[in-house]
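An overview of the molecular structure
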Amino acid sequence: MDNPSKVNVFMPFFVSIDLPYSVKLGETVRIPVIVFNYMDEDQLADVVFFNNDGEFEFISDESGDQKDKHRQEKLSVSGGGGKTLTFMIKPTKVGHITLKLTAKCALAGDGIERQLLVEPEGLPQYINKALLIDLRSVKEVSQTFEVAVPEDAVPDSTKVEVSVIGDVLGSSIENLDSLIRMPFGCGEQNMLNFVPCIVVLDYLKACRRLTVEIESKAKKCMEVGYQRELTYKHQDGSFSAFGESDKSGSSWLTAFVARSFQQAASHIAIEEGVIDKALEWLSKVQSSDGAFPEVGSICHKDMQGGAGSGLALTAYTVVAFLENVKFGEKFKTTVDRALTYISEHISELDDVYAHALAAYALQIAKHSLKDEVFASLQSKATKEGDMQWWTKSVPEQKPTDCWWHRPCSVNVEMSAYGLLATLETCTGLEGLPIMKWLVSQRNDKGGFESTQDTVVGLQALSRMAAQLSSSEADVSIKVTVPNGQAKSISVNKDNVLVLQKHELAVDTKKVDMTATGTGCALFQLSYKYNIKDVDKAPRFTLKPEAKNGSIKSYIELAVSTSFIPEKDQSVSNMAVMEVDMPSGYIVENDALEQLKHHELVKKVETKRGNTTVVLYFDNVGEDVIKLEMAAFRKHEVENAKPANVIIYDYYDNSKHLILNGHSSAQFLQSITFSLQLAVPVRSTKLQLDLTCSRDINLAVKRIDELWVKKS
């Protein structure tokens, strides 16, 4: 329409409800229902709260079946005003439950249907077991997968599913905007919105599978990521994790951005001057011996220093110059000096991470030492069955550790660079064993654990997968579980990019998969469960505390944390802390502003409807960091379950998702205690007259104030 018209629609009689972001199974929540009457005359409203599917129980002091299919109340609503009543419900299942209400009077009526998220208590654990099905040279592939859910997993928290797709990058393409589960709020992590899209577009173009829908989605993500990344740029052309709030640009991030922007230039409009200025800055900070030192904050020690003594960062940075052909001549001296540094120092190292990066850099530079260094890297590989990878020593793995089931991010990075170097040396499929290992380490969304491993991992997989795409998939897969019905899944040219999922029974312990046909496909067994336990050997300390505030609906929280040093590391990489508020509570804005001014906190975010606070640190050392925040009760919740506090090393998940059990228990007990103090049991229904308002939030705030006054 050339001249669209606006129409204002007004409802003289309607009903509204306000829900918390989520509650935990076993908690009881009070649902405020407001009936508005904008007609001139008073109306007698008949309100019905439906529970047709039995997803919750009604809680009240009055007699009656808690599992009623509905509850009905009548109330008189003054003309030009509104009136509130509340229902106490206790959800009986995990997931989204449906809350449906109707309100009718003699002259009008209204209905509303909303979803309330019910979560199990504890920390979610996600396990993904992936297998690359390769039927190009065999007639059948079969494998048995175990579903290892611990006995102490939180009841009703388990979910098991299998998925199949005919493309190695299929799940990554499907989940371009949600590749990892960790927050990504700094300059380096923002590139997760950017680089995988480049990888996908390049890959699908090479395979001739690019659709208009995928191209549009990828370019939109790239454009948003590009504009956001520019906010982390310094005036001198460099980039850093938190932009101008950092004292200096970061050599690592500047190289990462310059390289990625150059790769994106063939897909979206990228200002060439931004790339040129970034490379100029890197050239200026290069040392006289050719190395690229990290002049900014150290966020990722394996990349920016550590055992590699700067060689890893030098190799990473010179790749940004080598891949930029347009400015090749301008920065030839810079590149030559860096390659000389790498060649002179590579023999002195015993750091596999730096070795993998150096091997890749020397390969794309066509350096005379490329074959010698690559052979040395190959000698350090781990081989098992039909898989190959590179590993960094980590603490002894125990199934009781929260991170035990999680792939090691640094190992993924090293192995991805190993695959990239392999692809530079070979024309065949010598990299297939590495590819199979990388595929086995991915999460169910197609990413890995954090940002760098996801970015370089997808780059390596896409280049390898392009060599497999020539064979059309025609695969039949049969999935069987003991005492269960078999499921058949087919992959062909018509659904090669369709992610097919099938949910299995929650008590599934074993899954047998058999595939026949021709071509390649990706099979995944994904399952999740929640645990209440914590790591037995944490690398961080946590001491959370809580107390009542000045009013009963207000709690004050304090969290103290520090890093537990060992001989290999005295401070962490970039650390992230996530603090969940108890159900019904949201974080107080003034407290967030105070956190933003804390000298050690680089960034503060909230998520899940302001019920979780996310804090970023350049690193955490031995000195204790104390953080204070506050929350107020927006929704009344009884029988409150414990809330979670976690802190983890973003780039090394052997120090990932760590809780200190004793301190966490104290914190959870204190929060629960605060709730018990702040929320006296009131199971009788309450009706309150409200001044007429169209703003549900203001109305609910008024309800809360009256609750406090009444209690």
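Before reading further, recall that the structure is shown in the block above.
This section reports on the structure supplied with the text. Worth saying up front: this structure is predicted, and the values here are computed from it rather than measured. (Residues numbered from 1 in each chain as written. Predicted model: local features only at pLDDT ≥ 70, side-chain atom pairs only at ≥ 80, totals over all residues. Heavy atoms only, no water.)

So, on to the overall build of the protein chain. Along the backbone of the protein chain there are 16 helices and 29 strands. Across the 711 residues of the protein chain, 59% fall into the buried class. Only carbon and sulfur atoms are counted for the fraction: they give 47% of the accessible area of the protein chain, which is about 30,200 Å². (Helix = DSSP H or I, 4+ residues; strand = E, 2+ residues; numbered from the N terminus. Buried < 20%, exposed > 50% of the residue type's maximum accessible area, 1.4 Å probe, protein only. Areas by Shrake-Rupley, 256 points an atom, 1.4 Å probe, with all protein chains shown as cover.)

Let us look at the sheet that holds strand 24 (residues 603-607). With antiparallel pairing, four strands are arranged side by side in an open sheet as 24-25-22-28. Each end of this open sheet is capped by a strand with a single partner; those strands are strand 24 and strand 28 (645-649). In this sheet, adjacent strand axes meet at a mean angle of 15° when their direction is disregarded. Note that strand 22 (residues 575-580) and strand 28 share five bridges and pair antiparallel. (Pairing = 2+ DSSP bridges. Axes fitted to C-alpha atoms, helices over the stretch in contact; angles between N-to-C directions.)

Pairing analysis gives eight bridges linking strand 21 (residues 554-563) to strand 26 (residues 625-633), with the strands arranged antiparallel. Residue pairing in the sheet places Thr 561 in a bridge with Ile 625 of strand 26. For strand 23 (residues 585-587) and strand 26, the ladder comprises three bridges, and the chain directions are antiparallel. Bridged to Ile 586 within strand 26 is Phe 632.

The full count for this structure, using the stated rule, is 21 aromatic pairs. Judged by centre distance (6.3 Å) and plane angle (70°), the rings of Phe 242 and Tyr 616 are edge-to-face. Of this pair, Phe 242 sits in the loop between helix 3 (212-230) and helix 4 (251-264) while Tyr 616 sits in strand 25 (residues 612-617), and the two are 374 residues apart along the sequence. Note on accessibility: Phe 242 and Tyr 616 belong to one class, buried. (Phe/Tyr/Trp six-rings, centres within 6.5 Å; stacked < 30°, edge-to-face > 60°.)

Another point: the nonpolar core. Ranked by internal contacts, the top residues of the largest apolar core, which has 116 residues, are Phe 194, Phe 261, Met 435 and Leu 438. If you tally residues by element for this core, the top one is helix 9 (residues 352-364), at 10 residues. Apart from the residues within four sequence positions on either side, Met 435 is in contact with Leu 132, Val 168, Leu 419, Leu 461, Met 464, Ala 465 and Leu 468. Formed by 30 residues, the second largest nonpolar core is a distinct cluster that contains Val 33, Val 77, Cys 105 and Ile 112. (Core = buried A, V, L, I, M, F, W, Y, C linked by side-chain atoms within 4.5 Å. Contact = heavy atoms within 4.5 Å.)

With a phi angle near 55°, Lys 366 is a residue other than glycine that sits in the positive phi range. Residue position: Lys 366 is located in the loop between helix 9 and helix 10 (370-379). Residue Lys 366 is classed as exposed on the basis of its relative accessible area, which comes to 57%. Even without being a glycine, Asn 610 presents a positive backbone phi close to 65°.

Turning next to helix 12 (residues 432-441). With respect to burial, helix 12 is a largely interior element, nine of its 10 residues being buried. Taken as a whole, helix 12 has its buried residues at Leu 432, Ile 434, Met 435, Lys 436, Trp 437, Leu 438, Val 439, Ser 440 and Gln 441. Buried residues in helix 12 make contact with strand 10 (123-134), strand 14 (387-389), helix 11 (409-425), helix 13 (451-468) and strand 19 (520-531).

Next up on the list: the packing of helix 4 against helix 5 (residues 272-285). The relative placement of two packed helices is expressed as an angle between their axes plus a distance between the axes. It is the contact of helix 4 with helix 5, at a shortest axis distance of 9 Å, that shows an interaxial angle of 145°. Like other packed secondary-structure pairs, helix 4 and helix 5 cross with a definite hand, here left-handed. Within the contact between the two elements, helix 4 uses Ser 251, Thr 254, Ala 255, Ala 258, Phe 261 and Gln 262 and helix 5 uses Val 274, Ile 275, Ala 278, Leu 279, Trp 281, Leu 282 and Val 285. Classifying every residue of the contact of helix 4 with helix 5 by side-chain character gives 10 nonpolar, three polar and no charged. (Left-handed = near helix turned anticlockwise from the far one by under 90°. Nonpolar A, V, L, I, M, F, W, Y, C, P; charged D, E, K, R; others polar.)

The sheet contact formed by strand 20 (residues 540-548) and strand 21 spans nine bridges and is antiparallel. Residue pairing for strand 21: Leu 542 is matched across the bridge by Thr 561. Where strand 20 hands over to strand 21, the hairpin turn is made up of five residues, counted between the paired strands.

So, on to the pattern of salt bridges. Opposite charge on two side chains makes pairing possible when the charged atoms of those side chains draw close. Applying the stated criterion across every chain, the model contains 24 salt bridges. As a salt-bridge pair, Glu 272 and Lys 326 come within 2.4 Å of each other at their nearest N and O atoms. Here Glu 272 is found in helix 5, whereas its partner Lys 326 is found in the loop between helix 7 (311-322) and helix 8 (332-345), with 54 residues between them in sequence. In this structure Glu 272 comes out as partly exposed when scored by relative accessible area, which is 39%. Accessibility expressed as a relative area gives 57% for Lys 326, which makes it exposed. (Salt bridge = Lys/Arg side-chain N within 4 Å of Asp/Glu carboxyl O.)

This part covers the environment of Gly 225. Relative to the assigned elements, Gly 225 resides in helix 3. Taking the C-alpha atoms as reference points, Gly 225 and Cys 197, separated by 28 residues in sequence, lie 10.0 Å from one another. Those residues in contact with Gly 225 that lie beyond four places of it in its chain are Asn 190, Asn 193 and Phe 194.

Another point: helix 11. The first and last C-alpha atoms of helix 11 sit 25 Å apart over 17 residues, in line with the 24 Å expected at 1.5 Å per residue. Across the 17 residues of helix 11, 15 count as buried, placing the element largely inside the fold. (Expected span 1.5 Å × (residues − 1).)

Moving on, we get to the sheet that holds strand 10. Reading across from one edge, 10-19-12-17 is the order of the four strands in this open sheet, with antiparallel pairing throughout. What marks the edges here is a single partner per strand, and that holds for strand 10 and strand 17 (500-504). Here the average twist between neighbouring strands, direction ignored, is 20°. Two strands pair when backbone bridges link them, and strand 12 (residues 159-165) and strand 17 are joined in this way by five bridges, in the antiparallel orientation. When the sheet's bridge partners are listed, Val 164 is paired in strand 17 with Gln 500. Its contacts with the sheet place helix 12 against strand 10 and strand 19, and it is angled at close to 150° to strand 10.

Spatial relationships are all this shows, so hold off on functional conclusions.
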